[in-house]
Structure formats: C-alpha cells, structure tokens
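# Coordinates in review
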Amino acid sequence: MLAAALGCSSLIGCAAAGRPGTDDEGSRIRVDNAWVRSAASGSTSAYADIVNIGARSVTIRTATSPPSPFIQLYETLSRADGVRLNQEVPTGFQIPGHTRIRLAPGGRYLALTRLVTPIRAGSDVRIALVMEDGSAAPFSARAR
C-alpha cells in the first residue's frame, strides 16, 4: 500500500491500494502549505495545513517518507513555568469533519528521524499520512 500511496500524484489523498473508489479516511484529506526543514542528517520536522474535507472524523496514526524510516507525531507543550516540551502523540492527530488542523513550529508536527538521506533546501520530499483505517494521503513538502 505504501508504494501505491507514494506513487499517487494528487495532493488529495488517494483510495487505499486494493480498495479503489472506497470512502476511506485518506481520500477525505487534503494537504496544503506543506514544508519540511532541510537537514543533512539526524532528524527534522515537517509542517502543513491538513484539511478533512469529509463529514466524518479522521485520525492520522503515523506517516511514511523515503528519507526517514521512522516518523512520529509530536506536539510542543508549554508548562506553567514557561518550559517548552516536545511530546509524542501516540493516539494520533484527530481531525473532525470539515475541519483544518495546522502542523507548525511550536505546535503539532511530524518528526522525521533517523534520516537515511539528506533533505536539501529546495527539494521536494514525498510524505504519506497514514490513517487509522490504513489508507494513506500522500503529498509533497518543499524543503527549506
């Protein structure tokens, strides 16, 4: 399914492999304004506006990308003493129907870790959001 997801050319999620035409969660997601921080090695972060264009809630569980074999969903929290902490969101990012969430510095983001290839400024990085039902919403993020 990942190969099919990464091969989809639309910025709107495609139906999961083997289930063309179904109303899976990935087909209800649109990704806008996607970008990723350039990095020579180690880890980096990806950001975007993610829109659930459907009426039902969608949950993003994980993501995949060729430069990073390990992607986690994270959010930045501020404690009462002003200290900011980055925390994994193991339950995923839930997006109610007809709602937009923003992945942005200082908030929620995708943590691309253990990079196997550098991410160079100006390049396009393929990423696929993986939904709770196993479907995917692929998109490109410009590195900067």
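These notes cover the structure that comes with them. These numbers were taken from a predicted model, which means no experiment stands behind them. (Residues numbered from 1 in each chain as written. Predicted model: local features only at pLDDT ≥ 70, side-chain atom pairs only at ≥ 80, totals over all residues. Heavy atoms only, no water.)

### Let's talk about a nonpolar patch on the surface
Note the cut-off: Patches draw on residues past 30% relative accessible area with no salt bridge. Two like charges within 9 Å are joined, as are two nonpolar side chains (Val, Leu, Ile, Met, Phe, Trp, Tyr) within 5 Å. Only the protein chains shown count as cover for residues, and all accessible areas are computed by the Shrake-Rupley method using a 1.4 Å probe. Each salt bridge in this description consists of a side-chain nitrogen of Lys or Arg and a carboxyl oxygen of Asp or Glu lying within 4 Å of one another. Numbering of helices and strands runs from the N terminus, with a helix taken as a DSSP run of H or I at least four residues long and a strand as a DSSP run of E at least two residues long.
Among the surface-exposed residues, L77, V83 and L85 lie close enough to one another that they form a single nonpolar patch of about 200 Å² accessible area. Inspection of the secondary structure puts L85 in strand β5 (residues 84-88).

### Focus: the packing of aromatic side chains
Put simply, the rule reads: Stacked, edge-to-face and tilted labels apply to pairs of Phe, Tyr and Trp rings (six-membered ring for Trp) whose centres lie within 6.5 Å, assigned for plane angles under 30 degrees, over 60, and everything in between, in that order. Think of it in three bands: residues with accessible area under 20% of the maximum for their type are buried, residues over 50% are exposed, and the middle band is partly exposed, with areas taken using a 1.4 Å probe on protein chains only. Geometrically, a charge over a ring is one whose NZ (Lys) or CZ (Arg) sits within 6 Å of the ring centre while staying within 35 degrees of the ring normal.
In this structure the tally under the stated criterion is three aromatic pairs. Pairing W35 with Y47 gives two aromatic rings, centres 4.6 Å apart and planes at 35°, and the pair type is tilted. Here Y47 lies in strand β2 (residues 44-52) and W35 lies in strand β1 (residues 29-36), a separation of twelve residues in the sequence. Judged by its relative accessible area of 15%, W35 falls in the buried class. Measuring from ring centre to ring centre gives 6.3 Å for Y47 and Y109, while their planes differ by 50°; the resulting arrangement is tilted. Here the residue Y47 occupies a position in strand β2, and Y109 occupies one in strand β8 (residues 108-113), the gap between them amounting to 62 residues. The exposure class of Y47 is buried, given its relative accessible area of 4%. Residue placement shows R144 over the ring face of W35; its charged tip is 3.9 Å from the ring centre.

### Section: the pairing of strand β10 (residues 136-143)
Our working rule: At least two bridges found by DSSP between two strands is the condition for calling them paired.
The buried fraction of β10 amounts to six of the eight residues, a majority that puts the element mostly inside the structure. Relative to β10, β1 runs parallel, the two being bridged by two bridges. Bridged to V36 within β10 is A143. Across seven bridges, strand β9 (residues 124-131) lies against β10 in antiparallel orientation. Residue pairing in the sheet places R126 in a bridge with S140 of β10.

### Some words on the pairing of strand β3 (residues 58-64)
In this sheet, strand β6 (residues 93-95) lies alongside β3 in antiparallel orientation, the contact comprising three bridges. Among the inter-strand pairings, V58 is bridged to a residue of β6, identified as I95. Note: β3 against β9, four bridges, orientation antiparallel. Among the inter-strand pairings, A63 is bridged to a residue of β9, identified as L129.

### Section: unusual backbone geometry
Its identity as a non-glycine residue notwithstanding, H98 has a phi of 55°, on the positive side. Within the element layout of this structure, H98 appears in the loop between β6 and β7 (99-103). Look at R114: it is not a glycine, yet its phi comes out positive at around 55°.

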